[in-house]
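# Structural features, examined
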Amino acid sequence: MYKKLKEIVEPLLEWYQNNRRMLPWRENKNPYCIWISEIMLQQTRIEAVKRYYARFMEELPTVHDLANISEERLLKLWEGLGYYNRARNLQKAAKMIEDKYHGEMPNTYEELVKLPGIGEYTAGAIASIAYNERVPAVDGNVLRVLSRVLESRKDVLLPETKKEFTKQLKKLMLKQKRNFQAGDFNEALMELGEIICLPNGEPNCNICPLKGKCIAYRKDLIQEIPVREKKVKRKEEKKTIFLLISQDGKIAIRKRKENGILARMYELPNLDEKIEGIKAVKEALKQWSLKVKQVQNMGEYQHIFTHITWKMVAYKVSIEKENTEFIWLHPDQLKKEYALPTAFKKILKE
């Protein structure tokens, strides 16, 4: 594997120097900027991240700002990116950097990987790009590129596959010349996977700088590699969501529990069952001391999480009097100040 990997270094770096995209977090080697972008890019496309990144950095340009913002404001800034624990872990790490490192980002992989929310990939990306440390940053894009180049039939969803590729890449990087740019090499592999060696559909092999080195391309195996075993079927949960509206137009929300999915996020009131019919809705709302004026069925919705699918039915309900169990907000205040998960925003948009 090592011998074959040696052959890709020069053409890959040359291609990257001439074709790299101009992205806001690439304007400098600022480790804070790299960190924020890498966390945002988990589970999210680059084009979608750009506007969230700009908004976030405008309000929180330093570690100190991130460490001291309120959680509610932080989650509002993160709204739309999903996986809100990423934002909470950012703040936990920022507070640790303030306390332990005097507000300066750690400058080694070994220290970075100790921070909350920073795994091996993110630590490798920051350490190599910001500090030129010779450590790999292996994500799905890198695994796909290397699997095809090497004609590897190892399941890329298995931790041991990632571990083996990481080991071989580190060996390769440590043996490069003194002026070797570790960050450029890692970014080149990721960039190639994002815009040329694509995961779905037909990759752009005709313009790939590694097509002469790629065994899968030569043997016409691109559609078979990488190997990914089927994922476990998602668990389905039924939900009834209530868009409760008071006489003066306020909308009811509440805070979720301290643990579990979407922990401590705000939500529209809901029940863990599917309720059908206006009579049943009125009966269900009695538990919250609400007197119903009018009920409208808003239809059925679905929201997919990593391991769970919510099957939802939603009702718009006009009520006579607000209760004290919920938080009641005018739509403008809700939009400006509170972060709602996408699952509930779909219903609000109606």
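Up top you'll find the structure we're talking about.
Structure report, in brief. These numbers come from a predicted model, not from an experiment. (Residues numbered from 1 in each chain as written. Predicted model: local features only at pLDDT ≥ 70, side-chain atom pairs only at ≥ 80, totals over all residues. Heavy atoms only, no water.)

## Topic: the pairing of strand β2 (residues 251–255)
The condition is simple: Relative accessibility decides the category of a residue: with a 1.4 Å probe and only protein chains considered, values under 20% of the type maximum give buried, values over 50% give exposed, and everything between is partly exposed. A helix here means a DSSP run of H or I that spans at least four residues, while a strand means a run of E at least two residues long, and both kinds are numbered starting from the N terminus. The criterion for strand pairing is that DSSP finds at least two bridges linking the strands in question.
Counting buried positions along β2 gives four out of five residues, so the element sits mostly inside the fold. Inspection of the sheet shows β2 paired to strand β7 (residues 327–329) by three bridges, in the antiparallel sense. Within β7, the residue paired with Ala252 across the bridge is Trp328. By the bridge criterion, two bridges tie β2 to strand β3 (residues 266–267) in an arrangement that is antiparallel. Its bridge partner being in β3, Lys255 is matched across the sheet by Tyr266.

## Digging into the packing of aromatic side chains
So the rule is basically this: Two rings from Phe, Tyr or Trp (for Trp, the six-membered ring) form a pair when their centres sit within 6.5 Å of each other. Planes less than 30 degrees apart are called stacked, planes more than 60 degrees apart edge-to-face, and all others tilted. Only when the NZ atom of a Lys or the CZ atom of an Arg is both within 6 Å of the ring centre and within 35 degrees of the ring normal do we say a charge sits over the ring.
Scanning all chains against the criterion turns up 10 aromatic pairs. Their ring planes at 70° and their centres at 5.2 Å tell us that Trp288 and Phe326 sit as a pair that is edge-to-face. Of the two residues, Trp288 is situated in the loop between α14 (278–285) and β5 (292–304) and Phe326 in the loop between β6 (308–319) and β7; the sequence distance between them amounts to 38 residues. As far as burial versus exposure is concerned, Trp288 and Phe326 are alike and both buried. Following the ring pairs from residue to residue traces out a cluster consisting of Phe242, Trp288, Phe326 and Trp328. If you follow Lys239 out to its NZ or CZ, it ends over the ring of Trp310, 4.7 Å from the centre.

## As for the packing of helix α2 (residues 9–19) against helix α12 (residues 182–195)
Our working definition: Each axis is a line fitted through C-alpha atoms, taken for helices only over the stretch in contact, and angles between the N-to-C directions span 0 to 180 degrees. When describing relative orientation, an angle under 35 degrees is termed roughly parallel and one over 145 degrees roughly antiparallel, while 65 to 115 degrees is termed roughly perpendicular and anything else oblique. We call two residues in contact whenever any of their non-hydrogen atoms come within 4.5 Å of each other. Gly is put with the polar residues, along with every residue not named as nonpolar or charged; the nonpolar set is Ala, Val, Leu, Ile, Met, Phe, Trp, Tyr, Cys and Pro, and the charged set is Asp, Glu, Lys and Arg.
Packing of α2 against α12 leaves a shortest axis separation of 9 Å and a crossing angle of 75°. With respect to α12, the axis of α2 lies roughly perpendicular. Residue-level inspection shows Val9, Leu12, Leu13, Trp15, Tyr16, Gln17 and Asn19 of α2 in contact with α12, the latter providing Asp184, Phe185, Glu187, Ala188, Leu189, Glu191, Leu192 and Ile195. Here the residues of the contact of α2 with α12 sort into 10 nonpolar, two polar and three charged.

## Looking at the pattern of salt bridges
To keep it simple, the criterion reads: What counts as a salt bridge is simple: a side-chain nitrogen of Lys or Arg found within 4 Å of a carboxyl oxygen of Asp or Glu.
Tallied over the entire structure, the rule returns 22 salt bridges. Linking Glu300 and Lys274 is a salt bridge whose minimum nitrogen-to-oxygen distance equals 2.8 Å. Placement of the pair is Glu300 in strand β5 and Lys274 in the loop between β4 (270–271) and α14, with a sequence separation of 26 residues. What makes Lys274 partly exposed here is its relative accessible area of 36%. Of the charged contacts, one joins Glu320 and Lys291 as a salt bridge, the two residues approaching to 4.0 Å between their closest N and O atoms. Highlighted residues: Glu320 in the loop between β6 and β7 and Lys291 in the loop between α14 and β5, separated in sequence by 29 residues. Owing to a relative accessible area of 36%, Glu320 belongs among the partly exposed residues under this scheme. When its relative accessible area of 55% is taken as the criterion, Lys291 is described as exposed.

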